[in-house]
Amino acid sequence: MLIVDDEPFERDGVKFLIDKYGLELETYEADSGESALAFMMDNPVDILFTDIRMKGMDGLDMAAELRKRDIPVKVIFMSAYGEFEYAQRAIDLKAIRYILKPVEVEEFLRVVKQVMQLCEEERQAKERQSRMEEAYRSNAHYMKQKLLSNLIMGYASPKPDEADSQTQAQPPVPIAALADTSHVRLMLLDSRNRFFDMLDQDFERRLGEMIDSGFEMAQLNEFQSLLVVEADTEQDREQLIEQGNRLISWFRATYGGDVSVVIGGLVDEAGQLYSQFHQLESMLEYKFFYDEGTVLLAYPAAASAGSETAAVEEALEELRQNISRSRFDSAKLRFEQLFGELQNSEQVPVTYIKYMCTEIVKAVFDASAKKNAEPFKLNLEQIYKAAKLSDLKRLVLAIMEEQETQGAGSSDAMPKVIESVVDMIEKEYGSDLSLELLAERVYLSPSYLSHLFKKHKGISFNKYLTIYRMEKTKELLLTTNRKIIDISQEVGYNNFPYFSSLFKNHYGKTPSQFREETAV
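Every value quoted in this text rests on a predicted model; they were computed, and no experiment measured them.

What counts and how
Residues numbered from 1 in each chain as written. Predicted model: local features only at pLDDT ≥ 70, side-chain atom pairs only at ≥ 80, totals over all residues. Heavy atoms only, no water. Helix = DSSP H or I, 4+ residues; strand = E, 2+ residues; numbered from the N terminus. Buried < 20%, exposed > 50% of the residue type's maximum accessible area, 1.4 Å probe, protein only. Contact = heavy atoms within 4.5 Å. Areas by Shrake-Rupley, 256 points an atom, 1.4 Å probe, with all protein chains shown as cover. Axes fitted to C-alpha atoms, helices over the stretch in contact; angles between N-to-C directions. Parallel < 35°, antiparallel > 145°, perpendicular 65-115°, else oblique. Left-handed = near helix turned anticlockwise from the far one by under 90°. Nonpolar A, V, L, I, M, F, W, Y, C, P; charged D, E, K, R; others polar. Salt bridge = Lys/Arg side-chain N within 4 Å of Asp/Glu carboxyl O. Phe/Tyr/Trp six-rings, centres within 6.5 Å; stacked < 30°, edge-to-face > 60°. Lys NZ or Arg CZ within 6 Å of the ring centre and 35° of its normal. Pairing = 2+ DSSP bridges. Expected span 1.5 Å × (residues − 1). Core = buried A, V, L, I, M, F, W, Y, C linked by side-chain atoms within 4.5 Å.

Attention now goes to the overall build of the protein. In terms of helices and strands, the protein carries 21 helices and 10 strands. Looking at the 520 residues of the protein, the share that counts as buried comes to 46%. Counted over contacts in the protein with a minimum sequence separation of 6, partners at least 24 positions apart contribute 71%. Element-wise, carbon and sulfur atoms account for 49% of the exposed surface of the protein, whose accessible area totals about 27000 Å².

Here we come to the packing of helix 13 (residues 373-385) against helix 14 (residues 389-406). Two numbers describe a pair of packed helices, the interaxial angle and the distance between the axes. Contact pair helix 13 / helix 14: the axes reach a minimum separation of 9 Å and the direction vectors enclose 160°. Taken together, helix 13 and helix 14 sit at an angle that is classed as roughly antiparallel. Handedness of the crossing formed by helix 13 with helix 14: left-handed. Taken together, the residues of helix 14 that come into contact with helix 13 (itself represented by N379, Q382 and I383) are L392, L395 and I399. Here the residues of the contact of helix 13 with helix 14 are counted per class, giving 4 nonpolar, 2 polar and no charged.

Moving on to the pattern of salt bridges. Applying the stated criterion across every chain yields a total of 26 salt bridges. One salt bridge connects E29 with R11, and the closest N-O pair in it is separated by 2.8 Å. Here the residue E29 occupies a position in strand 2 (residues 28-30), and R11 occupies one in helix 1 (residues 8-20), the gap between them amounting to 18 residues. Owing to a relative accessible area of 36%, E29 belongs among the partly exposed residues under this scheme. Between K427 and D423 there is a salt bridge, with the nearest N and O atoms lying 3.2 Å from each other.

Let's shift gears to the packing of aromatic side chains. Within this structure, the stated rule accounts for 22 aromatic pairs. Judged by centre distance (6.4 Å) and plane angle (40°), the rings of F251 and Y255 are tilted. Here F251 pairs with Y255, and both are found in helix 8 (residues 237-255), just 4 residues apart, close to one helical turn. Pairwise contacts between aromatic rings join Y493, F496, Y498, F499, F503, Y507 and F514 into one cluster. Directly above the ring of Y493 sits R469, whose terminal nitrogen or CZ lies 5.2 Å from the centroid.

What follows deals with the sheet that holds strand 9 (residues 260-267). Strand order in this open sheet of 5 strands is 7-8-6-9-10, and the pairing throughout is mixed. Of all the strands in the sheet, the pair left with one neighbour each is strand 7 (215-221) and strand 10 (295-297). Mean inter-strand twist for the sheet, computed between neighbouring axes without regard to direction, equals 20°. Two strands pair when backbone bridges link them, and strand 6 (residues 184-190) and strand 9 are joined in this way by 6 bridges, in the antiparallel orientation. Along strand 9, the bridge assignment pairs L189 with V261.

On to the sheet that holds strand 4 (residues 74-80). Taken together, 5 strands build an open sheet; the order of strands is 2-1-3-4-5 and the sheet is parallel. The sheet is open, and its two borders are formed by strand 2 and strand 5 (97-101), each paired with just one other strand. The sheet shows a mean angle of 20° between the axes of neighbouring strands, direction not considered. Relative to strand 5, strand 4 runs parallel, the two being bridged by 5 bridges. Note that in strand 5 the partner of M78 across the bridge is I99. Contacts from helix 2 (residues 33-42) reach strand 1 (2-4), strand 2 and strand 3 (47-51) within the one sheet, and its direction differs from that of strand 1 by about 165°. Across the face of the sheet, helix 3 (residues 59-68) comes into contact with strand 1, strand 3 and strand 4 while running at roughly 150° to strand 3.

Where helix 2 meets helix 3, the closest approach of the two axes is 9 Å, and the angle between their N-to-C directions is 25°. Considered as vectors, helix 2 and helix 3 are oriented roughly parallel to each other. For the pair helix 2 and helix 3, the crossing hand works out as right-handed. Contacts between helix 2 and helix 3 pair G33, A36, L37 and M40 from the former with M62, E65 and L66 from the latter. Considering only residue class, the contact of helix 2 with helix 3 consists of 5 nonpolar, 1 polar and 1 charged.

Before going further, it helps to spend a moment on helix 17 (residues 446-457). Taking 1.5 Å of rise per residue, 12 residues should cover 16 Å, and helix 17 covers 16 Å from first to last C-alpha, within 8% of that figure. Among all positions of helix 17, only P446, S447, Y448, L449, L452 and F453 are buried. Positive phi shows up at G458, right after helix 17, with a value of about 85°.

Mapped onto the elements, D46 comes out in the loop between helix 2 and strand 3. Beyond its immediate sequence surroundings of up to four residues, D46 is in contact with V73, K74 and C119.

As a further point, take the side chain of E359. When you line up the elements, E359 lands in helix 12 (residues 350-367). Taking the relative accessible area as the measure of exposure, E359 reaches 11% and is therefore buried.

The nonpolar side chains of soluble globular proteins are, as a tendency, buried together. In this structure, V421, I425, L438, L449, F453 and F461 are the most contacted members of the largest nonpolar core, which totals 33 residues. Where this core is concerned, the elements lending two or more residues are helix 15 (414-428), helix 16 (435-441), helix 17, helix 18 (461-479), helix 19 (484-490) and helix 20 (496-507). Of all the elements, helix 18 adds the most residues to this core, at 7 residues. If sequence neighbours within four positions are ignored, F461 has contacts with V421, I425, S434, L435, L438 and F453. One finds F339, M356, L392 and L397 within the second-largest nonpolar core, a separate group that totals 31 residues.

Now the structure itself:
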């Protein structure tokens with residue numbers, strides 16, 4: 001309460017009553033309307049207890065000024081008998097109460113307690129409103145998370161090869177359903193070791209402080225998180241790589257862990273997220289050629305829309321198929337034909353041709369039975385350092401000829417290897433499993449195992465492991481009375497809040513809600 005009166009004994013009298021009757025009020029004083037107004041401009045006041053007649057700015061003028069400035073305060077006026085015109089103006093100014101002088105103790109206590117009760121009711125109402133708004137924001141955030149998870153999994157919209165003509169005719173969903181922008185870019189954060197389920201609850205806020213633009217995040221599993229970042233359409237490749245390196249450095253400095261960052265192209269429709277996400281997942285196979293903490297761009301260095309670039313893409317796909325089937329004679333012939341067509345081309349940039357060659361090297365690596373990363377890393381460096389098209393041609397042909405001599409290994413054994421990996425997942429899903437660990441057991445490189453697993457099972461290793469753990473969680477919730485925190489540890493998650501969030505992303509309910517509603 002701010003007590004305003006130009007007579008000190010009047011202010012003292014009000015404070016005396018407050019103290020004597022134990023009113024829970026923190027009191028301040030002002031001896032004029034001007035000083036009171038200045039005080040309230042800088043300090044929050046709940047109740048203004050003021051005389052009307054004062055030298056200079058009187059109580060009514062002060063109250064009028066407060067209303068103009070939208071300063072929320074409850075006003076109690078004091079005035080002598082016979083000053084009805086003041087009382088009328090007080091009503092016009094929406095004063096809470098009007099007390100006549102000389103002040104009667106009972107009236108004073110009644111009025112002040114009523115106003116204090118109003119303040120308390122308003123405070124409680126604001127708290128309820130704040131909780132409702134926070135609940136709305138949390139629910140809206142969760143709905144965005146769920147929509148994002150559905151989109152990248154292909155649940156919210158049909159996959160391209162499954163869409164019928166009626167579905168294809170539906171209008172595209174704007175990206176504004178996920179973010180307050182017209183374009184976004186996907187960033188996949190990937191770690192070779194368990195990482196994202198070890199982070200604290202404040203991780204997303206800290207990450208938001210580091211990233212320059214708005215974003216939504218989906219925790220995919222303990223090895224991967226996906227960011228949907230508001231995109232600057234003017235960013236070039238160098239700027240994106242710089243942004244990715246800042247993320248890597250931040251993770252290393254803040255959490256002592258290394259991640260790789262895979263950055264996708266611009267997206268302006270929510271329906272594009274499914275294919276974009278799978279491009280990012282496919283790009284992760286390049287990780288084997290690099291140390292941990294690498295930025296990869298999941299689109300060509302120069303995306304020419306011309307007919308020649310389209311022809312190169314078609315030839316590149318044909319080359320990949322020939323190499324995967326060990327048809328190296330056809331692959332070498334098609335490669336020489338392609339380079340003959342590109343020899344005098346000015347439409348396809350050199351950087352794009354080098355990108356195409358790295359794709360061929362990767363296809364050769366995937367087709368090899370024995371994985372040796374060092375020669376392939378050297379080959380990639382030579383590709384990017386090549387100064388002439390002819391040097392590039394000789395280098396790639398030599399790589400294919402060497403692989404042709406060595407042979408591509410037995411492809412018949414590959415499905416058995418994948419089934420062996422699946423069997424290990426089903427038996428050991430509650431332990432600290434990782435792609436690297438299982439690749440070591442089956443004597444394959446992590447990159448090649450990842451490629452084979454997705455080829456034979458249709459989804460990535462990490463996604464398969466997460467889905468299997470969630471299915472086991474659901475089974476334990478329905479068939480046992482075990483504590484949910486114990487179930488979390490049994491299926492491989494020691495971080496209970498992370499486990500609960502992951503379960504809710506998959507089933508739309510927390511584990512406890514799922515158990516209670518299913519029991520009913």
